[in-house]
Amino acid sequence: MNTISTTMNNHHRSASVRDAVALYEERHKATFNPKAALIDMDGTLLDTMKGHTLAWHRLATELGIEATRDEFYLYEGMTGAATINKLFRRAFNRDATREEITELYARKTGYFNELPKAGTIPGAATMIETLIRRGIKRVLVTGSGQLSNLERLDTDFPGGFAADMRITAHNVSRGKPDPEPYLKAMALAGTSPCESIVIENAPSGVEAGVRSGAFTVAVTTGPIPAEEMWKAGADMVFPTMTAFAEALPDLLSNNRL
Ligand code: CA
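This one's a predicted model, so the numbers in the text were calculated from it and none came from an experiment.

## Observations concerning the overall build of the chain
Turning to step 1, where the next piece is worked out: The secondary structure content of the chain amounts to 12 helices and 6 strands.
Turning to step 2, where the next piece is worked out: Since a compact globule built from 257 residues should have a radius of gyration of about 18 Å, the 18 Å found for the chain is in line with a globular shape.
Turning to step 3, where the next piece is worked out: Residues classed as buried in the chain amount to 53% of the 257 residues present.
Turning to step 4, where the next piece is worked out: Considering only contacts within the chain whose residues lie at least 6 apart along the sequence, 67% involve residues at least 24 apart.
Turning to step 5, where the next piece is worked out: Taken together, the 28 basic and 31 acidic charged side chains of the chain have centroids lying 2 Å from each other.

The following block contains the structure:
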């Protein structure tokens, strides 16, 4: 790690909610007034990332494409089509056809569904309950199109996400790290960037949130280090979802600590 860049990055890091909000407001020349939370699914609400990396790695191996399991953590947030194209360009110097994408994503989804059902991320239910209680709108924002995961949200997070408050792989043309998914989520919620909190667990999702202009919170729930979240521009980084859930009432308050 380069010492100079670390020092420079530290300059923008804030331990307290109050400092992070002050920096955000200074940078955006606007008041932070949270009215909606735009929330990623895999790795943020559901502990599904291990299963996704296993399924992707199995698919790549079958296709004869050299890949490590860990690299799929880095593609987190990208749509299935974008991940398949990334593998195809590397191995075959071309994009996959529409038919190949449909067939291969279905295969990957099948491999994922063969694995034991993943749990929810500890602290995620408390976070959602706090948002509901405080009257903060919730929008799901995921690059996933996997029905098995989308359908379980109603059971895992009752009242968390209305059917018309979900941005999935089917609603976006450019996935994360493009800001499009989060900008579309703001349009659904009827909020401006300074009224929106993005909650993410992966650098590409953090980058999408930051580029959308929202206050972007990163939570490290897997092997990706906090350093990568700061580099992607996160306004705050929490070591666990439980720690973020504890800090959330303060972030939503007008009188921050
Ligand atoms: Ca994620």
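## A short note on the coordination of the calcium ion
Geometrically, a metal with four donors at the corners of a regular tetrahedron has ideal angles of 109.5 degrees, and one with six donors at the corners of a regular octahedron has ideal angles of 90 or 180 degrees.
Turning to step 1, where the next piece is worked out: Those protein atoms acting as donors to the calcium ion are D40 (OD), D42 (O), E76 (OE) and N201 (OD1), and they sit at 2.3 to 2.4 Å.
Turning to step 2, where the next piece is worked out: In the primary sequence, the donor residues of the calcium ion line up as D-x1-D-x33-E-x124-N. One end of the pair, D40, is in the loop between β1 (36–39) and α3 (49–62); the other, E76, is in the loop between α4 (71–74) and α5 (80–92), with 36 residues separating them in the sequence. E76 matches D40 in its accessibility class, with the two residues each being buried.

## Digging into the nonpolar core
Turning to step 1, where the next piece is worked out: I39, L45, M127, L131, F215, F244 and L251 are the most contacted members of the largest nonpolar core, which totals 36 residues.
Turning to step 2, where the next piece is worked out: Broken down by element, this core gets its largest block of residues, 7 residues, from helix α12 (residues 241–252).
Turning to step 3, where the next piece is worked out: Setting aside residues up to four positions removed in sequence, I39 forms contacts with T44, L45, M127, I128, L131, R138, V139, L140, V141, F161 and I199.
Turning to step 4, where the next piece is worked out: If you look at the next biggest cluster of nonpolar residues, it comprises 17 residues, including W56, I101, Y111 and F112.

## Concerning the sheet that holds strand β6 (residues 236–238)
Turning to step 1, where the next piece is worked out: The strand order across the open sheet formed by 6 strands is β3-β2-β1-β4-β5-β6, and the pairing between neighbours is parallel. Bordering the open sheet on either side are β3 (166–167) and β6, each of which pairs with just one other strand.
Turning to step 2, where the next piece is worked out: Note: strand β2 (residues 137–141) against β3, 2 bridges, orientation parallel. Looking at β3, one finds that L140 is bridged to R166.

## What to know about the domain arrangement of the chain
It is common to give the size of an interface as the accessible area that goes away when the parts come together.
Turning to step 1, where the next piece is worked out: As far as domains go, the chain holds domain 1 (10–47 + 120–252) and domain 2 (49–114).
Turning to step 2, where the next piece is worked out: Of note, the centres of domain 1 and domain 2, computed from C-alpha atoms alone, are 25 Å apart.
Turning to step 3, where the next piece is worked out: Across the boundary between the two partners, domain 1 contributes 16 residues, which contact 13 residues of domain 2.
Turning to step 4, where the next piece is worked out: The interface formed by domain 1 and domain 2 holds 0 salt bridges in total.
Turning to step 5, where the next piece is worked out: Applying the counting criterion to the domain 1 and domain 2 interface returns 6 residue pairs in polar contact (both at pLDDT 80 or more).
Turning to step 6, where the next piece is worked out: Grouping the amino acids of the side of domain 1 that touches domain 2 by side-chain chemistry returns 3 nonpolar, 10 polar and 3 charged.

## Section: the side chain of D156
Turning to step 1, where the next piece is worked out: Inspection of the secondary structure puts D156 in helix α8 (residues 147–156).
Turning to step 2, where the next piece is worked out: Engagement of the side chain of D156 in a polar contact is seen with the side chain of R152, the distance being 2.5 Å.
Turning to step 3, where the next piece is worked out: Once residues within four sequence positions are removed from consideration, D156 is found in contact with L46 and T120.

## What about the packing of aromatic side chains?
Turning to step 1, where the next piece is worked out: Enumeration according to the criterion identifies 8 aromatic pairs in this entry.
Turning to step 2, where the next piece is worked out: On the basis of an interplanar angle of 70° and a centroid distance of 5.7 Å, the ring pair of Y24 and F32 is categorised as edge-to-face.
Turning to step 3, where the next piece is worked out: With a relative accessible area of 4%, F32 lands in the buried category.
Turning to step 4, where the next piece is worked out: Ring centres 6.3 Å apart and planes at 10° place the aromatic pair W56 and F72 in the stacked group. Pair noted here: W56 is in helix α3 and F72 is in helix α4, with a separation of 16 residues, a long-range link.
Turning to step 5, where the next piece is worked out: Exposure remark for W56: the relative accessible area of 7% places this residue in the buried category.

How each quantity is defined
Residues numbered from 1 in each chain as written. Predicted model: local features only at pLDDT ≥ 70, side-chain atom pairs only at ≥ 80, totals over all residues. Heavy atoms only, no water. Helix = DSSP H or I, 4+ residues; strand = E, 2+ residues; numbered from the N terminus. Rg over C-alpha atoms; globule rule 2.2 N^0.38 Å. Buried < 20%, exposed > 50% of the residue type's maximum accessible area, 1.4 Å probe, protein only. Contact = heavy atoms within 4.5 Å. Lys, Arg positive; Asp, Glu negative; His and termini not counted. Charge placed at Lys NZ, Arg CZ, Asp CG, Glu CD. Donors = N, O, S within 2.8 Å, 3.2 Å for Na, K, Ca; no water. Core = buried A, V, L, I, M, F, W, Y, C linked by side-chain atoms within 4.5 Å. Pairing = 2+ DSSP bridges. Domains from an automatic or database assignment. Salt bridge = Lys/Arg side-chain N within 4 Å of Asp/Glu carboxyl O. Polar contact = N/O pair within 3.5 Å; in protein donor to acceptor, adjacent residues only side chain to side chain. Nonpolar A, V, L, I, M, F, W, Y, C, P; charged D, E, K, R; others polar. Phe/Tyr/Trp six-rings, centres within 6.5 Å; stacked < 30°, edge-to-face > 60°.

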